[in-house]
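# Coordinate analysis (summary)
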Amino acid sequence: SATVVSSGGGVRISSGGVASGVSVNSGGFETILGAGKAAGTVLSGGTEFDFGVTSGTLVLAGGHERVLRHAFASASVIGSGGIEAVSSGGVAVAPIVSGGLLVVSSGGAITGGVSIVAGRALISGAMAAGQQVKFAGSAGTLELANLAGFHARISGLAVSGQKIDLDGFKFSAVETATWTQSGTSGTLTVNDGAKTADLTLIGTYATSDFALHADGKGGTFVTDPPLKAPQLVEAMAGLQGGRDLSCAPVHAGGVALLPGPVRVAATTSGR
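Predicted model, so just to flag it, every value in this text is computed and none were measured.

## Side note on the nonpolar core
The biggest cluster of nonpolar side chains holds 37 residues, and the ones touching the most others in it are Leu102, Leu142, Phe150, Ile164, Leu166, Leu201 and Phe210. Secondary-structure elements contributing two or more residues to this core are β16 (96-104), β18 (114-123), β20 (132-135), β21 (140-144), β23 (162-166), β24 (176-182), β25 (185-191) and β26 (196-202). For this core, the leading source of residues is β18, giving 4 residues. Residues within four places of Phe150 in sequence aside, it is in contact with Ile123, Met127, Val133, Leu142 and Leu144.

And the structure:
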């Protein structure tokens, strides 16, 4: 039967050891030493100290997965109220943020991309080119605290509940967001008068699709807000009784771009 660790208890996986399906309750802990492996651990309020290799850890409310130096945590799912913290020298491989918090500290890294269903991914470490941050739900925040180390592409940005948070970008009336399309992706450039961020997004957008907001802590939120009601009325009127005007490229977030300023909400996302 699977090992269950209760409050005050712990399990230690030595170098070369393997454990599967351990459940760690509040107050308990699991420690994986170098070259040790753990698969399918469930953290229900407990803590996993990873110095080795983990896969498929489920971090539930109150749970805390600590990915320490030289450790690899693959395919962790971070639920609401859970935390995965990647220290300097640690690596998170294809994590899924599903309501919880992923923190990648300076010196830490992500490989294999990251999916954000809900919750927040705070990246102060590195994310190399060739990866994607995928917004996979209707909410979630990608917080970028180290732009110099972030080279991944971003996909799925489509609704106002999804946010890119640029740490240290002071929101003001002079701050701008500019989009440059290039094939099936493009570059979003945000400038606050002192700093510039160039972000690669997958999809078809226009400059007018993006909105900037203060994040409440000295940075800037970037969102792709939905059409407002007056815009929808104007757009529908532009269809002239339902006749199809010239077919335009479909906005990657589910908005068709028609000639001129009119936009029509589509039923599905093309991202």
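## Comments concerning the packing of aromatic side chains
Under the counting rule described, the total for this entry stands at 3 aromatic pairs. Pairing Trp179 with Phe210 gives two aromatic rings, centres 5.8 Å apart and planes at 35°, and the pair type is tilted. Of this pair, Trp179 sits in strand β24 while Phe210 sits in the loop between β26 and β27 (211-214), and the two are 31 residues apart along the sequence. On the basis of relative accessibility, which here comes to 10%, the residue Phe210 falls in the buried class. Taken together, the ring pairs in this structure connect Trp179, Tyr205 and Phe210 into an aromatic cluster. Here the guanidinium or amino end of Lys163 rests over the ring plane of Phe221, the centre of that ring lying 5.6 Å away. Its guanidinium or amino end placed over the ring of Phe169, Lys195 lies 5.5 Å from that ring's centre, counting from NZ or CZ.

## Let's talk about the sheet that holds strand β15 (residues 91-93)
Read from one edge to the other, the open sheet built from 7 strands follows the order β3-β6-β9-β12-β15-β17-β19, with strand pairing classed as parallel. The sheet is open, and its two edges are formed by β3 (18-20) and β19 (126-127), each paired on a single side. Across 3 bridges, the pairing between strand β6 (residues 37-39) and strand β9 (residues 53-55) is parallel. Within β9, the position partnered with Ala38 by the bridge is Thr54.

## Quick look at the confidence of the model for the protein
Put simply, the protein has an average pLDDT of 87, and 83% of its residues get 70 or more. This stretch, residues 229-271, has a pLDDT under 50; its non-local contacts, to residues over four places away or in other chains, come to 68 contacts.

## A closer look at unusual backbone geometry
The backbone of His70 shows a phi angle near 75°, a positive value even though the residue is not glycine. Here His70 is to be found in the loop between β11 (64-67) and β12 (72-74). Even without being a glycine, Ala75 presents a positive backbone phi close to 55°.

## As for the environment of Gly81
Within the element layout of this structure, Gly81 appears in the loop between β13 (77-79) and β14 (83-86). Contacts of Gly81, omitting those with residues within four sequence positions, involve Leu60, Ala61, Gly62, Gly63, Gly99 and Gly100.

## Side note on the side chain of Glu65
Tracing the sequence through the fold places Glu65 in strand β11. One buried charge, Glu65, has no salt-bridge partner; the nearest side chain with opposite charge is Arg66, at 11 Å. A polar side-chain atom of Glu65 sits 3.2 Å from a polar atom in the side chain of Thr54. Within polar-contact distance, the side chain of Glu65 engages the side chain of Ser76 at 2.9 Å. Sequence-distant contacts of Glu65, that is, excluding residues within four places in its chain, are made with Leu43, Glu48, Thr54, Thr57, Val59, Ala73, Ser76, Ile83, Glu84 and Ala85.

## Notes on the pairing of β20
Here β20 shows a buried face lined by Val133 and Phe135 and an unburied face lined by Gln132 and Lys134. Where β18 lies against β20, 3 bridges are found, and the strand directions are parallel. Paired with Ser115 across the strands is Lys134, a residue of β20. Across 3 bridges, the pairing between β20 and strand β22 (residues 153-155) is parallel. By the bridge assignment for β22, Gln132 is matched with Arg153.

## Re the pairing of strand β5 (residues 29-32)
In the sheet, strand β2 (residues 10-13) pairs with β5 via 4 bridges, with the strands oriented parallel. For Val11, the partnering residue across the bridge sits in β5 and is Glu30.

## Looking at the environment of Ile78
Among the secondary structure elements, Ile78 is positioned in strand β13. The spacing of Ile78 and Gly100 is 22 residues in sequence and 5.2 Å in space, taken between C-alpha atoms. When near neighbours in sequence (up to four residues on either side) are disregarded, Ile78 contacts Val59, Ile83, Glu84, Ile96, Val97, Ser98, Gly99, Gly100, Leu101 and Leu102.

## A look at the pattern of salt bridges
Taken as a whole, this structure holds 6 salt bridges when the rule is applied. Ionic pairing is found between Arg120 and Glu143, a salt bridge with its closest N-O pair at 2.4 Å. Pair noted here: Arg120 is in strand β18 and Glu143 is in strand β21, with a separation of 23 residues, a long-range link. Arg120 gets classed as partly exposed once you look at its relative accessible area, which sits at 31%. In this structure Glu143 comes out as buried when scored by relative accessible area, which is 4%. Across the pair Lys217 and Glu143 runs a salt bridge, and its minimum N-O distance is 2.8 Å. Here Lys217 is found in the loop between β27 and β28 (220-223), whereas its partner Glu143 is found in strand β21, with 74 residues between them in sequence. Through salt bridges that share partners, Arg120, Glu143, Asp165, Asp167, Asp215 and Lys217 make up one connected network.

About the cut-offs
One numbering rule holds for all chains: residues counted from 1, following each sequence as written. The model is predicted, so local features are restricted to residues of pLDDT at least 70 and side-chain atom pairs to those at 80 or more, both for listing and for counting; the totals for chains, interfaces and linings are taken over all residues. Water and hydrogen atoms were dropped before computing side-chain values, which therefore reflect all heavy atoms in the structure. We call a set of buried Ala, Val, Leu, Ile, Met, Phe, Trp, Tyr and Cys residues a nonpolar core when their side-chain atoms join them within 4.5 Å. Partly exposed residues are those whose accessible area sits between 20% and 50% of the maximum for their type, while under 20% is buried and over 50% is exposed, using a 1.4 Å probe and protein chains only. Secondary structure elements are defined from DSSP: runs of H or I of at least 4 residues count as helices, runs of E of at least 2 residues count as strands, and each element is numbered from the N terminus. By definition in these notes, contact holds between two residues if any of their heavy atoms fall within 4.5 Å. Two rings belonging to Phe, Tyr or Trp (six-membered ring only in the last case) form a pair when the distance between their centres is within 6.5 Å. Interplanar angles under 30 degrees mark stacking, angles over 60 mark edge-to-face geometry, and anything in between is tilted. Remark: a charge is flagged as sitting over a ring if the NZ atom of Lys or the CZ atom of Arg is within 6 Å of the ring centre and within 35 degrees of the ring normal. Two strands qualify as a pair provided DSSP detects at least 2 bridges between them. pLDDT expresses how confident the predictor is about each individual residue, on a scale running from 0 to 100. Only four residue types enter the charge count: Lys and Arg as positive, Asp and Glu as negative, with His and the chain ends excluded. The salt bridge definition used is simple: a Lys or Arg side-chain nitrogen within 4 Å of an Asp or Glu carboxyl oxygen. Between N or O atoms, a polar contact is any pair within 3.5 Å; within protein, one atom must be a potential hydrogen donor and the other a potential acceptor, and residues adjacent in sequence are included only when both atoms are from side chains.

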